[in-house]
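# Residue-level structure breakdown
Chain residues, written in single-letter form:
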Amino acid sequence: MIENPNEVVTKALVRVFSTPGLDRPVALITLDNGFDHKKPNSFGPAGLASLDAAITTALDAEPAFVAITGKPYIFCVGADITGMPLITSREQALELGELGHRVFARLKDSDIPTFAFINGAALGGGLEVALHCHYRTVSGGAAALGLPEVAIGLIPGWGGSQLLPNLIGAPGAAQVILQNPLTQKVLRPKQAAELGVADVLLEPADFLERSLEWAAGVVRGEITVQRPEVDKDMWDGVLFFAKQQLDERLHGAVPSANKALELLALAKEASFADGTAAETEALADLIMGDESRASLYAFDLVQRRAKRPVGAPGQELARKVTKVGIVGAGLMASQLALLFARRLQVPVVLTDLDQTRVDKGVGYVHAEIEKLAGKGRLSPGDAAKLLGLVSGSVDKSVFADADFVIEAVFENLDVKKQVWAELEKIVSPEAVLATNTSSLSVTAMAADLEHPERVVGFHFFNPVAVLPLLEIIRGGRTDDATLATAFAVGKELRKSCVLVKDAPAFVVNRLLTRFTSEVFAAIDAGTPLETVNTALDPLGLPMRPIQLLHLVGPAVGLHVGEQLHEAFPDRYGDSPNLHRIVEAGLPLIVDDEINPELGALLETGSEPLTGDQVREKALGALADEIRVMLDEGVVAEAQDIDLCMVLGAGWPFHLGGVTPYLDRSGIAERVTGKRFLPRGVAGLRA
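Not measured: the values here are computed from a predicted model.

Glancing now at the overall build of the chain. Within the chain, the regular secondary structure consists of 27 helices and 19 strands. By the compact-globule yardstick of 26 Å for 686 residues, the chain fits well, its C-alpha radius of gyration being 28 Å. Taken along the three principal axes of its C-alpha coordinates, the chain extends 80 × 60 × 45 Å. Across the 686 residues in the chain, those meeting the buried criterion constitute 55%. By sequence separation, contacts in the chain at least 24 residues apart represent 74% of the contacts at least 6 residues apart. Carbon and sulfur atoms provide 52% of the accessible area of the chain, an area that totals close to 28800 Å². Distance between charge centroids for the chain: 4 Å, based on 63 positive and 88 negative side chains.

Printed below as a string of structure tokens:
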């Protein structure tokens, strides 16, 4: 078995004690890696060995039942994925699958009743070990339950693909194993109980005591656990529909999703031994595949690098923010107001040109707060507090005592400069002035100010509440205190922050615009719209190119494209057809299909490209632009490009963002002469 020197070993600690109403003792196994909840329990080879030994000790005590639980707030979040990049052979991958199966099966095959007391987060292998137990309780305080492996290029490889569908049926299993991971969702405790993943939902305050009482009642025969019979008549139909959805969304580009679907189909009739053997083979195939390595690389970026932004000044330089001002009261400004109020819990005031706009913006925020309270996501007290924090005014003097002011006005340099010139006379010299510009120069915006050093780019992505990326742009004269404050605020907002140099359109918009510039160049040349729109399907991107531009808005795309064409005319085209579409005001998509009216509007050439040619040109352009951006120092490393594309543009984990795919496809070396990442990073070691 491969050894992982970096494994944080989760020890399985056994306590044997008596409990009222039982003649024999109870054996309780507690999973604990010795750290608090910020470093969750996970299973590596040493952790599995500890659990194996604990099960032996527990069974040797001849107890009335064996139960397994976790440390405070955490049950177990699955396999220790830090060791997976160390696996260099299929034999080692097979060993890992077989080890988990062998240890967990001891709970399933035990003659003594086994229980899982799911006291906290239970994901991946953590939920799988619980599924091997005969019975399960779940705490209402458990943060998340699920089998998220497909999202990181793997499958539930320790019994989950076989146990879960035969416990709760194919529809629920397809949701947990396929739909939830691909939409970044998990189960809450109530959902888990309703689906039948857990047998009973208990209050968190005295969860362990109530779980022990409940288990004793089951053992004594006083409590009968009834589980509905799984309907196998609908099994094939459910999986057929799931495959249709996968093909429509991913176009067969994600091997882990396809493997998971195959295993769910197998679970209908296969013996547990045959099903888990197939699981082990599938897991080994995926661990040794490019997509899982790229997924693990992307997962590491999101979980680690995003929490420690490269180049950010020391937190000790950050200034305290006790009040936030927002210039503008439109939809983006209103979304920002809601976010700042919820996360910072400080007064937030919006301003705009007239009272009608101000009232509309504040009204939007208040309505959203009331919606959250209505759904139970805010207590009445918290909702009342937030309602009191958000206000509006047409008089910018309300910003006089604000520590952090962000503008979300029309995307025009002169307009933004005018806003800052007016505000500088009102706010204190230390107040941070942040711009949510998506493409304009932060340096130029601050050029005429008395204190340009306190202006910083703070670029959110829409919808603000959903997309986690925050591009923080250092202008030519932005000082360290301003930058440190921006990063501290971004962290409080629970955003993943990336430091970006002041360059046209920054990272995500610059790359997506280069990408769509090639798409429209193909349309202008005479390539059919449908060919262009489906050319990137083999990558399994979250959205096709024309759908993406429809979502962004053709006018917005044209605006950013014109700025980049002006800055880099040799690399960014200026499509006449995009101008025509914007001038005509036509939507690109109607009823989920390309607008048929576009055909009569476009004026195209007579040199159409094939889908393969469109894809090669678009990806080649991305490789070229990324190399230019890295040479210019727009971000510190290629990893920051990937982090931005995953979090800001939704590029999938199985691609690793963008640079791992460009490396392994050979496009990076063909276009730029070298790889973006060393061999072995986001891929198999040499």
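So, on to the side chain of H101. Considering the arrangement of structural elements, one finds H101 in helix α2 (residues 90-108). A polar contact is formed between the side chain of H101 and the backbone oxygen of G157, at a distance of 3.2 Å. Here the side chain of H101 touches T280 through a polar contact of 3.0 Å, side chain to side chain. Among residues more than four places away in sequence, those in contact with H101 are G157, W158, G159, T276, E279 and T280.

All right, on to the packing of α2 against helix α3 (residues 125-132) then. Following both chains from N to C, one finds α2 and α3 inclined at 35 degrees, their axes separated by 7 Å at the closest point. Together, F104, A105, L107 and K108 of α2 and G125, E128, V129 and H132 of α3 make up the contact between the two elements. In terms of residue class, the contact of α2 with α3 is built from four nonpolar, two polar and two charged.

What follows deals with helix α25 (residues 638-649). With twelve residues, α25 should cover 16 Å at 1.5 Å per step; its first-to-last C-alpha distance of 16 Å lies within 8% of that length. Among the twelve residues of α25, twelve are classified as buried, and the element is accordingly described as predominantly covered. When α25 is considered as a whole, its buried residues turn out to be A638, Q639, D640, I641, D642, L643, C644, M645, V646, L647, G648 and A649. Summarising the contacts, the buried residues of α25 are in contact with α11 (290-303), β16 (469-474), β17 (496-501), α18 (508-525), α24 (611-632) and α26 (659-664). Two residues or fewer after α25 comes G650, characterised by a positive phi angle close to 70 degrees.

Pairing within the open sheet is mixed, and its eight strands lie in the order β12-β11-β10-β13-β14-β15-β16-β17. Of all strands in the sheet, those bounded by a partner on one side alone are β12 (390-393) and β17. Neighbour-to-neighbour, the strand axes of the sheet open up by a mean angle of 25 degrees, direction not taken into account. Relative to strand β13 (residues 404-407), strand β10 (residues 324-327) runs parallel, the two being bridged by four bridges. Within β13, the position partnered with G325 by the bridge is V405. Contacts from helix α17 (residues 480-492) reach β13, β14 (432-435), β15 (455-460), β16 and β17 within the one sheet, and its direction differs from that of β15 by about 25 degrees.

It is worth spelling out the pattern of salt bridges at this point. This structure, assessed with the given rule, holds 36 salt bridges. Between D352 and R357 there is a salt bridge whose closest N-O contact spans 3.9 Å. Its salt-bridge partner being K417, residue D448 comes within 2.9 Å of it at the nearest N-O pair. Within this pair, whereas D448 is found in the loop between α16 (442-446) and β15, its partner K417 is found in helix α15 (residues 413-424), the two being separated by 31 residues in sequence. Exposure remark for D448: the relative accessible area of 63% places this residue in the exposed category. Residue classification places K417 among the partly exposed positions, given a relative accessible area of 23%.

Cut-offs applied
Residues numbered from 1 in each chain as written. Predicted model: local features only at pLDDT ≥ 70, side-chain atom pairs only at ≥ 80, totals over all residues. Heavy atoms only, no water. Helix = DSSP H or I, 4+ residues; strand = E, 2+ residues; numbered from the N terminus. Rg over C-alpha atoms; globule rule 2.2 N^0.38 Å. Buried < 20%, exposed > 50% of the residue type's maximum accessible area, 1.4 Å probe, protein only. Contact = heavy atoms within 4.5 Å. Areas by Shrake-Rupley, 256 points an atom, 1.4 Å probe, with all protein chains shown as cover. Lys, Arg positive; Asp, Glu negative; His and termini not counted. Charge placed at Lys NZ, Arg CZ, Asp CG, Glu CD. Polar contact = N/O pair within 3.5 Å; in protein donor to acceptor, adjacent residues only side chain to side chain. Axes fitted to C-alpha atoms, helices over the stretch in contact; angles between N-to-C directions. Nonpolar A, V, L, I, M, F, W, Y, C, P; charged D, E, K, R; others polar. Expected span 1.5 Å × (residues − 1). Pairing = 2+ DSSP bridges. Salt bridge = Lys/Arg side-chain N within 4 Å of Asp/Glu carboxyl O.

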